[in-house]
Amino acid sequence: MNNTYRNILKKTDFKPPNDWLKIKTIDMHTGGEPLRVIVSGFPNLEGNSVLDYRRYCKEHYDHLRTVLMFEPRGHADMYGCILTPPNDSEGDFGIIFLHNEGYSTMCGHAIIAISTLAVHLNWINVTEGENMLKIDAPCGRITAFAHVRNGEVTGVRFHCVPSFVVGLDSTVDLEGFGEVRYDLAYGGAFYAYVDMKKNNLDFDLSPTSYRKLIAAGMAIKHAVMASNSGIKHPFESDLSFLYGTIFIDASNTPNIHSKNVCIFAEGEVDRCPTGSGVSGRMAIHKARKEIDFGEAMQIESITGSIFKGSVIREETYGPFNAVIPQVEGTAYITGQHTFFIDPYDPMKNGFILR
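In short, a report on the structure. (Residues numbered from 1 in each chain as written. Predicted model: local features only at pLDDT ≥ 70, side-chain atom pairs only at ≥ 80, totals over all residues. Heavy atoms only, no water.)

**Concerning the overall build of the protein chain**
Heads up, the condition is: In DSSP terms, a helix is any run of H or I states spanning at least four residues, a strand is any run of E spanning at least two, and both are numbered starting from the N terminus. Each radius of gyration is computed over the set of C-alpha atoms, and the globule rule expresses the reference value as 2.2 Å times the number of residues to the power 0.38. Exposure is judged per residue with a 1.4 Å probe applied to protein chains only, and the accessible area is read against the type maximum: over 50% gives exposed, under 20% gives buried, and values in between give partly exposed. Between two residues, a contact is recorded if the distance between any of their heavy atoms is within 4.5 Å. Surface exposure here means Shrake-Rupley accessible area, sampled with a 1.4 Å probe, where a residue is shielded only by the protein chains that are shown. Charged residues are defined narrowly, with Lys and Arg counted positive, Asp and Glu counted negative, and His plus the chain ends left uncounted. Every charge is mapped to an atom, namely NZ of Lys, CZ of Arg, CG of Asp or CD of Glu.
Helix and strand content of the protein chain: six helices and 17 strands. The globule rule puts the C-alpha radius of gyration for 354 residues at 20 Å, and the 21 Å found for the protein chain is close to it. Reported as C-alpha extents along the three principal axes, the dimensions of the protein chain are approximately 70 × 50 × 45 Å. Expressed as a percentage of the 354 residues in the protein chain, the buried residues total 55%. Within the protein chain, residue pairs in contact and separated by at least 24 positions form 62% of the contacts whose partners lie at least 6 positions apart. For the protein chain, the accessible surface area stands at approximately 15,800 Å², while carbon and sulfur atoms represent 48% of it. One finds the centroid of the 33 positive side-chain charges in the protein chain at a distance of 5 Å from the centroid of its 41 negative side-chain charges.

Encoded structure:
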């Protein structure tokens, strides 16, 4: 064995210079959708609420979002989160969601993943059975329940913020597609829901339609934004934007109600059924009398992963008759990283090629 190979076997740790920023993450996925959880090294955020921390991050540290989401450390469909103090003493912690376009208001797959991680890392006092977490997202407080059996997390369910329908069977004219019929609803974020059975679109919801889904999803999103004035949260202007387009079709899998494919942010394709999207769907199905209390729908993603959605209760939310949806799923840890930011690297802030 030569000296070079001996050194390879012995010298496996890189110690960066003191002027390099070091950010530690734990990576996960929920139904195939990634979540990069930032656990240390991110600068302190100033404010008194999750929305304050989110604004401060956007104004002062947005380059670190691109560092961790964009290539070469991430990719065009990467997703991440920063943990913050809760909004008040009743909460466990706050969470800010990151993606290729910026900062979302709600993310169900991240809630499922971070609740799973809270058990694995003993951030809470873990007991057999259900473990409750109160998580402050930009859209409001989310109550999550991580189910533990023999020390392992077998699944997470969460109660979303009040979710409501803005309009059913709205239409928008779109060049290349003609008239597109959609529902507009909020499940912690606003989505345009496009039922494939009600529209004449030349693609399906399979992975082979990936590029067409992105193109159509983004075109519909921008057309709806331009034509629909109803994308207004009743209490928070920071939440008043259309996050994405969700295509809905029948599933070929037995006992599965339907299939979701969400195109969100700047053309990201959700690998899971989209927790906030399922929340909005529960409001739509309740408004159409297609689901009732005590019933559940299993909804499939483009990867074949499943979320279960149901309606817990109804309540008035500003001018809307809203529902509190429940969404259930599972998440898994895929790795942990310490990312280095070399101040002399010309690509240190990242880039995206799609």
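**Regarding helix H4 (residues 108-120)**
Definition in use: An expected span of 1.5 Å times one less than the residue number is assigned to each helix.
Between the first and last C-alpha of H4 there are 19 Å, a value that for 13 residues agrees with the 18 Å anticipated at 1.5 Å per step. Burial analysis of H4 places twelve of its 13 residues in the buried class, the great majority of the element. All buried positions along H4 are accounted for by Gly-108, His-109, Ala-110, Ile-111, Ile-112, Ala-113, Ile-114, Ser-115, Thr-116, Leu-117, Ala-118 and Val-119. Two residues or fewer past H4, Asn-122 is found with a positive phi of approximately 55°.

**As for the packing of aromatic side chains**
Remark: the centre distance and the inter-plane angle together describe each pair of aromatic rings, the angle taken between the planes. Here is the rule: Pairing of aromatic rings covers Phe, Tyr and Trp, the last through its six-membered ring, and needs centres within 6.5 Å; plane angles under 30 degrees mean stacked, over 60 mean edge-to-face, and all others mean tilted. A ring is scored as having a charge over it whenever the NZ atom of a lysine or the CZ atom of an arginine sits within 6 Å of its centre and within 35 degrees of its normal.
One pass over the structure, following the stated rule, counts 18 aromatic pairs. With 5.7 Å between their ring centres and 45° between their planes, Phe-14 and Trp-20 make a pair best called tilted. A ring pair is formed by Tyr-191 and Tyr-193, whose centres lie 6.0 Å apart and whose planes are at 65°; its orientation type is edge-to-face. Pairwise contacts between aromatic rings join Tyr-79, Tyr-191, Tyr-193, Phe-241, Tyr-243 and Phe-264 into one cluster. Sitting above the plane of the Phe-145 ring, Arg-157 keeps its charged end 4.2 Å from the centroid.

**Remarks on the pattern of salt bridges**
What counts here: Any carboxyl oxygen of Asp or Glu that lies within 4 Å of a side-chain nitrogen of Lys or Arg is treated as forming a salt bridge with it.
In this structure the tally under the stated criterion is 17 salt bridges. Here Asp-183 and Arg-288 are joined by a salt bridge, their closest N and O atoms 2.9 Å apart. Separated by 105 residues along the polypeptide, Asp-183 in strand E9 (residues 178-186) and Arg-288 in the loop between helix H6 (275-287) and strand E14 (296-300) bring together distant segments of the chain. For Asp-183, a relative accessible area of 9% translates into the label buried. Across the pair Glu-314 and Lys-286 runs a salt bridge whose closest N-O atoms are separated by 3.8 Å.

**A look at a nonpolar patch on the surface**
Definition in use: Any residue with relative accessible area above 30% and no salt bridge may belong to a patch, with like charges joined within 9 Å and the nonpolar Val, Leu, Ile, Met, Phe, Trp and Tyr side chains within 5 Å.
Together, Met-1, Tyr-5, Ile-8 and Leu-9 give the surface a local cluster of nonpolar side chains, amounting to about 440 Å² of exposed area. Mapped onto the elements, Leu-9 comes out in helix H1 (residues 3-10).

**Section: unusual backbone geometry**
In this structure, the amide linkage connecting Glu-71 to the following residue, Pro-72, adopts the cis form with an omega of 5°. One can find Pro-72 in the loop between helix H3 (62-69) and strand E3 (80-84). Despite not being glycine, Asn-150 has its phi angle at roughly 55°, a positive value. Structurally, the position occupied by Asn-150 is in the loop between strand E6 (140-149) and strand E7 (152-159).

**Looking at the nonpolar core**
If you look at soluble globular proteins, the nonpolar side chains tend to sit buried side by side. The line we're drawing: We define a nonpolar core as any set of buried Ala, Val, Leu, Ile, Met, Phe, Trp, Tyr and Cys residues linked to one another through side-chain atoms lying within 4.5 Å.
The biggest cluster of nonpolar side chains holds 91 residues, and the ones touching the most others in it are Ile-111, Ile-142, Phe-158 and Phe-247. Ranked by size, the runner-up nonpolar core spans 20 residues in total, among them Phe-42, Leu-45, Ile-82 and Ile-341.

**Notes on the pairing of strand E11 (residues 242-249)**
Stated formally: Note on pairing: DSSP must find at least two bridges between two strands before they are called paired. When the strands point away from the viewer and the connection leading from the first strand across the helix to the second strand turns clockwise, the crossover is called right-handed.
E11 sits mainly inside the fold: seven of its eight residues count as buried. For strand E10 (residues 190-195) and E11, the ladder comprises six bridges, and the chain directions are parallel. If you follow Asp-195 over to E11, its bridge partner there is Ile-248. Handedness of the E10-helix H5 (residues 210-227)-E11 crossover: right-handed.

**Focus: the pairing of strand E2 (residues 33-40)**
In terms of burial, E2 is largely enclosed, as six of its eight residues are buried. In the sheet, strand E1 (residues 21-30) pairs with E2 via seven bridges, with the strands oriented antiparallel. Paired with Met-28 across the bridge in E2 is Leu-35. Taking the residues between adjacent antiparallel strands as the criterion, E1 and E2 are bridged by two residues, where Gly-31 takes a positive phi near 60°. Bridge count for E2 against E3 is three bridges, and the pairing is parallel. From the neighbouring strand, Arg-36 faces E3, where its bridge partner is Gly-80.

**Details of the environment of Glu-128**
Note the following rule: Side-chain atoms alone can form a polar contact between residues adjacent in sequence; in general such a contact is a pair of N or O atoms within 3.5 Å, and within protein one must be able to donate a hydrogen while the other accepts it.
Relative to the helices and strands, Glu-128 is located in the loop between H4 and strand E5 (129-137). C-alpha of Glu-128 to C-alpha of His-147: the two residues are 19 residues apart in sequence and 7.6 Å apart in space. Apart from residues no more than four positions distant in its own chain, Glu-128 is found in contact with Val-148, Arg-149, Asn-150 and Gly-151. In this structure the side chain of Glu-128 is engaged in a polar contact, spanning 2.9 Å, whose partner is the backbone nitrogen of Asn-150. A polar atom in the side chain of Glu-128 sits 2.9 Å from the backbone nitrogen of Gly-151.

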